[in-house]
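A look at the structure
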Amino acid sequence: MRPRALSALALGLVLLVTGCGEAGKSPEKAAAPPSASAAPAPSPVTKPSPTRTPAKPKLRPLPKKLPAGLHRASGSNGVALTFDDGPDPRFTPQILAQLRAARVQATFCVVGKQAKRYPELVARIVREGHQLCNHSWHHDVNLGRRSAAEIRSDLQRTNEAIHAAAPKAPITWFRQPGGRWTAEEVTIARQMGLRPLHWSVDPQDWDHPPAKTIIKRVKGATRHGSVVLMHDAGGDRAQTMAACRHLIPDIKRRYGIALPR
Ligand SMILES: [Zn+2]
């Protein structure tokens, strides 16, 4: 009896630990506000929940609508390309080579942990004229819901990892993982000199659709001034790389490619 109970407990623990590990990893998936265009919902319901014994610090509620002040357009006629979740040793060099061949610049929303692990890729992004965006330390989709101090230290730690790799490189933007912004987080990012960068075109490439689907989604939704969200890390991005071989020259010809401003 007892040994069986013990092994059941052990199994339970193993499952619990595995589950936690995986949950922490999940990318935009959990979050991504539905694709291509702005989908503002009704105003945020901020119903203060009854306070009970404070065990864990509670996450602030996620607003139903994206907060004000997010940059969702490139700020010019050109289209801004953004690549998230890297740097990644397999895919970031591929996209850098494509951008260089097309003679265009993009914005890389880098994860602090990845920047620390692959500093030479961060340095190369900067050296090749691209722009940097802070994308949180470990892709925390709930970061915007945490305390001001936690948000600030996460962004700071990520900035430091970036600057360890590329000293003095400007970090122009911050992008909340999954687009799960809160107004408080937007304010903090601004105070730290990071402008909040959202997007207007999301082909949901994190979900591994085939390249032709990524191409179709991007071409269908892109206009002058769009900000296109794609991923150069966080999973197998071979389909994104293949799509970009068509999309980068095509978007350049139709609209021009520009850094967001
Ligand atoms: Zn992301």
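Just above, that's the structure.
Note on numbering: residues in each chain are counted from 1, in written sequence order. With pLDDT at 70 or above as the cut-off, local features in this predicted model cover only qualifying residues; side-chain atom pairs require 80 or more to be listed or tallied, and sums for whole chains, interfaces and linings still use all residues. With hydrogens and water stripped out, all remaining heavy atoms of the structure feed into the side-chain values.

One speaks of a salt bridge when a side-chain nitrogen belonging to Lys or Arg is within 4 Å of a carboxyl oxygen belonging to Asp or Glu. Counted by the stated rule, this structure contains eight salt bridges. Across the pair R100 and E128 runs a salt bridge whose closest N-O atoms are separated by 3.1 Å. One end of the pair, R100, is in helix α2 (residues 92-102); the other, E128, is in the loop between α4 (119-127) and β3 (131-134), with 28 residues separating them in the sequence. The partner of D250 in a salt bridge is R253, and the shortest N-O contact between them spans 3.1 Å. Residue D250 and its partner R253 are located together in helix α8 (residues 238-254), separated by three residues, close to a single helical turn. Working definition: with a 1.4 Å probe on protein chains only, accessible area under 20% of the residue-type maximum means buried, over 50% means exposed, and in between means partly exposed. With a relative accessible area of 5%, D250 lands in the buried category. Several salt bridges converge on common partners, so that one network encompasses K219, D250, R253 and R254. Helix and strand labels come from DSSP, where a helix needs a run of H or I of at least four residues and a strand needs a run of E of at least two; each type is numbered from the N terminus.

On to a positive patch on the surface. Residues forming no salt bridge and having over 30% relative accessible area are the ones grouped into patches, like charges within 9 Å of each other and nonpolar side chains (Val, Leu, Ile, Met, Phe, Trp, Tyr) within 5 Å. Each accessible area value is a Shrake-Rupley result obtained with a 1.4 Å probe; residue values ignore everything except the protein chains displayed when judging cover. A positive count includes Lys and Arg, and a negative count includes Asp and Glu. His and the chain ends are not counted in either. Every charge is mapped to an atom, namely NZ of Lys, CZ of Arg, CG of Asp or CD of Glu. Residues K113, K116, R117 and R157 make up a contiguous surface patch of positive charge. At three residues, helix α3 (residues 112-117) tops the list of elements feeding residues into the positive patch. With respect to the helices, strands and loops of the structure, R117 is situated in helix α3. A residue is classified by how much of its surface remains accessible, and R117, at 58% relative accessible area, is exposed.

Note on geometry: axes are C-alpha line fits, over the in-contact stretch for helices, and angles between N-to-C directions span 0 to 180 degrees. Taken N-terminus to C-terminus, the directions of helix α5 (residues 148-165) and helix α6 (residues 183-191) make an angle of 45°; their axes are 10 Å apart at the nearest point. Considered as vectors, α5 and α6 are oriented oblique to each other. Crossing of α5 against α6: the hand is right-handed. Each of A148, I151, R152 and L155 in α5 lies in contact with α6, whose residues at this interface are E185, I188, A189 and Q191. Looking at the contact of α5 with α6, its residues break down into five nonpolar, one polar and two charged. Small angles under 35 degrees read as roughly parallel and large ones over 145 as roughly antiparallel, with 65 to 115 read as roughly perpendicular and the rest as oblique. Left-handed describes a crossing in which the near helix is turned anticlockwise from the far one by less than a right angle; the clockwise case is right-handed. In this analysis, two residues are considered to be in contact whenever any of their non-hydrogen atoms come within 4.5 Å of each other. Under the grouping applied here, Gly and all other residues not named as nonpolar or charged are polar, the nonpolar ones being Ala, Val, Leu, Ile, Met, Phe, Trp, Tyr, Cys and Pro and the charged ones Asp, Glu, Lys and Arg.

Here we take up the sheet that holds strand β5 (residues 195-196). Strand pairing is assigned whenever DSSP identifies at least 2 bridges connecting the two strands. Pairing is parallel in the open sheet, where six strands are placed in the order β5-β4-β3-β2-β1-β6. Since the sheet does not close on itself, it has two edges, and those belong to β5 and β6 (227-231), each with one partner. Strand direction decides the pairing type here: strand β1 (residues 80-84) and β6, joined by five bridges, are parallel. Its bridge partner being in β6, T82 is matched across the sheet by L229. Across the face of the sheet, α2 comes into contact with β1 and β2 (107-110) while running at roughly 165° to β2. On top of the sheet, α8 reaches β1 and β6; it is set at about 155° to β6, its chief contact.

Attention now goes to the environment of L81. Position of L81 relative to the elements: it lies in strand β1. If we skip the residues at most four places from it in the chain, L81 touches L99, A106, T107, V228, M230, I248, I251, I257 and A258.

A separate point is the side chain of T158. In this fold, T158 is placed in helix α5. Using a relative accessible area of 0% as the deciding quantity, one classes T158 as buried. Apart from residues no more than four positions distant in its own chain, T158 is found in contact with V110, G112, N134, H135, S136 and W137.

Honestly, it's all geometry; don't read function into it.
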